[in-house]
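Chain and residue survey
The chain contents come next:
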Amino acid sequence: MDLKRDDGLTRPNGFLERTFALTANGTTIRTELLAGLTTFLTMAYIVFVNPNILGDAGMPKGAVFVATCLVAAIGSLVMAFYANYPIALAPGMGLNAYFAYVVVLQMGYTWQAALGAVFISGLCFMAVTLTGLRRIIVEGIPRSMRIAITVGIGLFLAIIALKSAGVVTASPATFVTLGDLHKPSTVLAVLGFLIVAVLSVRKVRGALLAGILTVTALSFIVADNTFQGVASLPPSIAPTLFALDIKGALSGGLLNVILVFFLVELFDATGTLMGVANRAGLLTQGKMERLDKALMADSSSIFVGSLLGTSSTTAYLESASGVEEGGRTGLTAATVAVLFLACLFFAPLAGSVPAYATAPALFYVACLMLHELVDLDWDDLTEVLPACVTALLMPFTYSIANGVAFGFITYAVIKLLTGRFREVKPVVWVIAAVFLFKFVATGSAH
């Protein structure tokens, strides 16, 4: 006999229950669908931003748009059905900028060769996942560094949100300064945050989604947002499909690029997976039970994306917004995947949600993620200082990978010079040495 939850939308004996273990995870179909929609709205911008960035590298924007939607759907579906985590995937923002502005425009390689480098890095990524090496690396991370990664992701999410909202802007004198608070979009973003905060305090379900939709609706009235239509046929993916140049990627100059892609993919994805899973309460004694499966979903998406025609795919920070709406299983990620597929035909409608409408939800989630700081052992400076370095360098260098790099180097050096080197696991020494070599050799983690 089927048993109904309070909302009447979860049937424990049904397909979704068997697949995603909804009852065991304390969630319902309605909650998971709402969480998936929230996550999608906070990351839907990628289907427009990614083609613009890679378009600067000479790639056909229409084909990149289709590739972006497809790989986001494929990656999220693998995460949903194979790993059963509420974490969505899509082409990474920092990685696409490195692909376009450094590898192609600065170093002079073709975008086809750059795609080849992404493909090879994805294979390397999958190899260390299959052999268990990546799991060893992740489990060797000290507890203080795991906390720091979560907090750092929160800070990184905060600066992305504030920038999207127009609350902060660039300054030649101080690097960052207060934005124009008279702009309608900025005012709407501030209003959106207050709506999210107040509704959350009052325990109103769907608070983040309500804030996003309210700001979007108001944007048509006071912020000159343009309704772009409802549906259109997707462009052809033929110009980028299987266009990668693996032979070109194996040339001497791109070997270093492959290493950079690999390192950034490794630590960006690991940091995001652990941070979002921790926020969702899905860690058991600081570990992800299905970590190997989550890593396979992430790594397989990288080379699939290179075949379709986009830069490296990774787990998305914005998944934290869906987690805050109650997402706990792969049904959240599957919902995101379906919506990305719908984007292929409803791109104009999806484009009506401006970045400043999703920024309040991201900033709210960022605020909550800072709570993890209370779990640090503040009496042990050898743990606290590297953790603070990790967390602070992520937003201030606009890179999760840089924060992790500086954090591990600081951790190893402080432990060594204070005579507590026996507390450091071998994997920490290796990671610190690899990043130190990268900094010495190139002057940058990127």
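Reading the values: the criteria
- Residues numbered from 1 in each chain as written.
- Predicted model: local features only at pLDDT ≥ 70, side-chain atom pairs only at ≥ 80, totals over all residues.
- Heavy atoms only, no water.
- UniProt positions renumbered as here; feature names shortened; annotations may be inferred.
- Helix = DSSP H or I, 4+ residues; strand = E, 2+ residues; numbered from the N terminus.
- Rg over C-alpha atoms; globule rule 2.2 N^0.38 Å.
- Buried < 20%, exposed > 50% of the residue type's maximum accessible area, 1.4 Å probe, protein only.
- Areas by Shrake-Rupley, 256 points an atom, 1.4 Å probe, with all protein chains shown as cover.
- Lys, Arg positive; Asp, Glu negative; His and termini not counted.
- Charge placed at Lys NZ, Arg CZ, Asp CG, Glu CD.
- Core = buried A, V, L, I, M, F, W, Y, C linked by side-chain atoms within 4.5 Å.
- Contact = heavy atoms within 4.5 Å.
- Disulfide = S-S within 2.5 Å.
- Expected span 1.5 Å × (residues − 1).
- Phe/Tyr/Trp six-rings, centres within 6.5 Å; stacked < 30°, edge-to-face > 60°.
- Pairing = 2+ DSSP bridges.

By the naming in an unreviewed UniProt entry, the protein is Guanine permease, taken from Methylobacterium indicum. Checking UniProt for the protein, the heading Subcellular location (unreviewed entry) contains the comment "Cell membrane". Per UniProt, the protein carries the Sequence similarities (unreviewed entry) text "Belongs to the nucleobase:cation symporter-2 (NCS2) (TC 2.A.40) family. Azg-like subfamily."

This part covers the overall build of the protein. Broken down by element type, the protein carries 20 helices and six strands. The C-alpha atoms of the protein give 21 Å as radius of gyration, which agrees with the globular expectation for 446 residues (22 Å, within 12%). Principal-axis analysis of the C-alpha atoms gives the protein an extent of 55 × 55 × 50 Å. Split into buried and exposed, the 446 residues of the protein put 56% on the buried side. Entry remark: accessible area of the protein is about 18200 Å², with carbon and sulfur atoms responsible for 68%. In the protein, 26 positive and 25 negative side-chain charges are present, and the distance between their average locations comes to 3 Å.

Counting 127 residues, the largest nonpolar core has M79, F99, F261 and F340 as the members making the most contacts within it. When residues in this core are grouped by element, the largest group, 15 residues, is from helix α12 (residues 252–279). Excluding residues within four positions of it along the chain, F340 makes contact with F40, M43, I46, V47, C69, A72 and A73. Counting residues in each nonpolar core, the second largest holds seven residues, with F20, I29, A80 and A334 among its members.

The subject of this paragraph is the state of the cysteines. All told, the structure shown has zero disulfides when counted by the stated rule. C367 takes part in no disulfide bond, and the closest cysteine sulfur, belonging to C388, lies 18 Å away.

All right, on to the environment of T38 then. When you line up the elements, T38 lands in helix α2 (residues 29–43). Overall, T38 belongs to the buried group, its relative accessible area being 0%. Residues T38 and P91 lie 53 residues apart in sequence; the distance between their C-alpha atoms is 18 Å. Look past the residues within four positions of T38 in its chain and what remains in contact with it is L208, L209, S321, G322 and E325.

An ideal rise of 1.5 Å per residue puts 33 Å on 23 residues; helix α4 (residues 61–83) measures up with 32 Å between its terminal C-alpha atoms. Count one or two residues on from α4 and you reach N84, which has phi positive near 55°.

One pass over the structure, following the stated rule, counts five aromatic pairs. Plain terms: the ring middles of F20 and F81 are 5.3 Å apart, the flat faces sit at 50° to each other, and that makes the pair tilted. Of this pair, F20 sits in helix α1 (residues 15–20) while F81 sits in helix α4; the two residues are 61 residues apart in sequence, bridging distant segments of the chain. Judged by its relative accessible area of 47%, F81 falls in the partly exposed class. Both rings, one in F193 and one in F363, keep their centres 5.3 Å apart while their planes meet at 65°; by these two values the pair is edge-to-face. Of this pair, F193 sits in helix α9 (residues 184–201) while F363 is found in helix α17 (residues 355–369), placing the two residues 170 residues apart along the sequence.

As judged from the four bridges shared by strand β2 (residues 168–171) and strand β3 (residues 175–178), these two strands associate in the antiparallel manner. Its bridge partner lying in β3, S171 is registered against F175. Between β2 and β3, which pair antiparallel and follow one another directly, the connecting turn spans three residues.

Once that is clear, we can look at unusual backbone geometry. One non-glycine residue, A21, adopts positive backbone phi at about 50°. Along the chain, the position of A21 falls in the loop between α1 and α2. Phi is positive for F242, close to 55°, though the residue is something other than glycine. Among the secondary structure elements, F242 is positioned in the loop between α10 (207–222) and α11 (246–249). Judged by its relative accessible area of 56%, F242 falls in the exposed class.

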